[in-house]
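Summary of the model geometry
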Amino acid sequence: MKSTRHLVHPQLQILLEQDLTLDTREENIGALRDNFREVSPDPATFMRDDVILEERHVPGLNGAPDVRFFLYRPKDTETVLPVFLHLHGGGHFAGDAESAGLQNFPFAAEIPCVVASVDYRLTPETKAPGSVEDGYAVLEYLFDNATELSIDKSRIAVGGESAGAHIAASLALMARDKRKVPLVHQQLIYPMLDDRTVTDGHQLDYTGEFIWTRQNNRDAWNMLLTKVPGSADVNAYEAPARATDLEGVAPAYIWVGQLDLFVEECLDYARRLMAAGVPTELHVQPGFIHGAELVLRDPPVCQRALQERFNALKSALYPPADTMD
C-alpha cells in the first residue's frame, strides 16, 4: 500500500498527529469497548431541552433477547412525523446507541422527525445476521405501532455509519424481501458492505492507511461471520454487497471518503444500485479518511459532510413538492 499522508485534507492533518492505530484482535475487544466509552462525548453535553428522549425495549426476532433502543421526539408537537432508524458504528464489536445522540438530537429537532437509535448486539458474542435482525425487530415495532407513536409509516428511513451503515443496507434488503415495511431512504455513510474486501484485489492502493485499516477490517469480518470472509456462501444479510438482486430496495445516499478503505466497495455498490434502477446519490470526499467528521466536527470540511447527510435525510423524509408543469 502506498502512503496517503500527503493526500489527507489539510483540515484533517491534525488527526495524523495522534495515534490512530486500533488493536482489533478478538482478545482485545473488551479494552477497545472501554476505550470507545472513554472517548465518547458525555451525553450531558449534547442533550437538548426541545427533544424528548425515551428508552424502550422490543422482543428480538426468533427468540433472541429483547432489543434496547432510544426514541427521540421533538417536544411540543402533536404532528405525525417521519422516522429515521439509526444504527451506530464501531466495527460491529464496539460503540453504543447513547453516543449517537450527538447527531440524533439535532436530527429529531431540526428535520424534524422521530429518531430510533438501536443498541444492537455486538460481535464476537453475536454473529451475523444478529445485528440486522435486532434492527428489523425495532423497524417492525415502529411500523406496527405507528399510530401510538404518531409516526407516518409511509416515511421511514434507515441509516448509519460504517458497521451501522452495513446493518442499514442489510435492513433495506430485508425490508424489501419481507414486503411489510416500506422504506423511503437508506443513508449509508462509509458503509462496510463487502467481506471480500479482506482478500487481495478488492482495494485501491491509496486507501485504508488511517483509522480503519486492512487488518482492522479483516479482524472485524472474522468476528462477524461464521464463515471465512470471501467464502462463496456468505449471504446478503451478512454482507450486503453479496446481494445478487438490488431491484426494489430503498433509494440510497452513499457518502465515503476518497482515502477510506471502503471507497471501492461503495463505488461498486452505487453502480449496481443504479443498474438496478434504484435512485442513488453518491458523494466521494477528496482527502477524507474513515470517520474523521465524528472525531473532528469543527473543521469546515467536516461540517459540510455532516450538513450534506442532514440535507439528504430531510429531503427524503420531506420530499419537495413537484413544481413541474
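Residues numbered from 1 in each chain as written. Predicted model: local features only at pLDDT ≥ 70, side-chain atom pairs only at ≥ 80, totals over all residues. Heavy atoms only, no water.

The number of helices and strands found in the protein is 9 helices and 8 strands. For 325 residues, the compact-globule estimate of 2.2 N^0.38 gives 20 Å, and the C-alpha radius of gyration of the protein, at 19 Å, lies within 12% of that figure. Taken along its principal axes, the extent of the C-alpha atoms in the protein is 55 × 50 × 45 Å. The buried share of the protein, reckoned over its 325 residues, is 54%. Long-range pairs, those at least 24 residues apart, make up 77% of the contacts in the protein between residues at least 6 apart in sequence. Total accessible area on the protein stands at roughly 13900 Å², and carbon and sulfur atoms take up 50% of it. (Helix = DSSP H or I, 4+ residues; strand = E, 2+ residues; numbered from the N terminus. Rg over C-alpha atoms; globule rule 2.2 N^0.38 Å. Buried < 20%, exposed > 50% of the residue type's maximum accessible area, 1.4 Å probe, protein only. Contact = heavy atoms within 4.5 Å. Areas by Shrake-Rupley, 256 points an atom, 1.4 Å probe, with all protein chains shown as cover.)

On to the side chain of Thr24, then. With respect to the secondary-structure elements, Thr24 resides in the segment before α1 (29–39). The buried category is assigned to Thr24, whose relative accessible area is 1%. Of the polar contacts made by the side chain of Thr24, one reaches the side chain of Asp219; its length is 2.7 Å. Dropping the residues within four chain positions of it, Thr24 is found in contact with Ile29, Leu32, Phe93, Gln215, Asn216, Asp219 and Met223. (Polar contact = N/O pair within 3.5 Å; in protein donor to acceptor, adjacent residues only side chain to side chain.)

Keep in mind that these numbers describe shape and distance, not what the molecule does.
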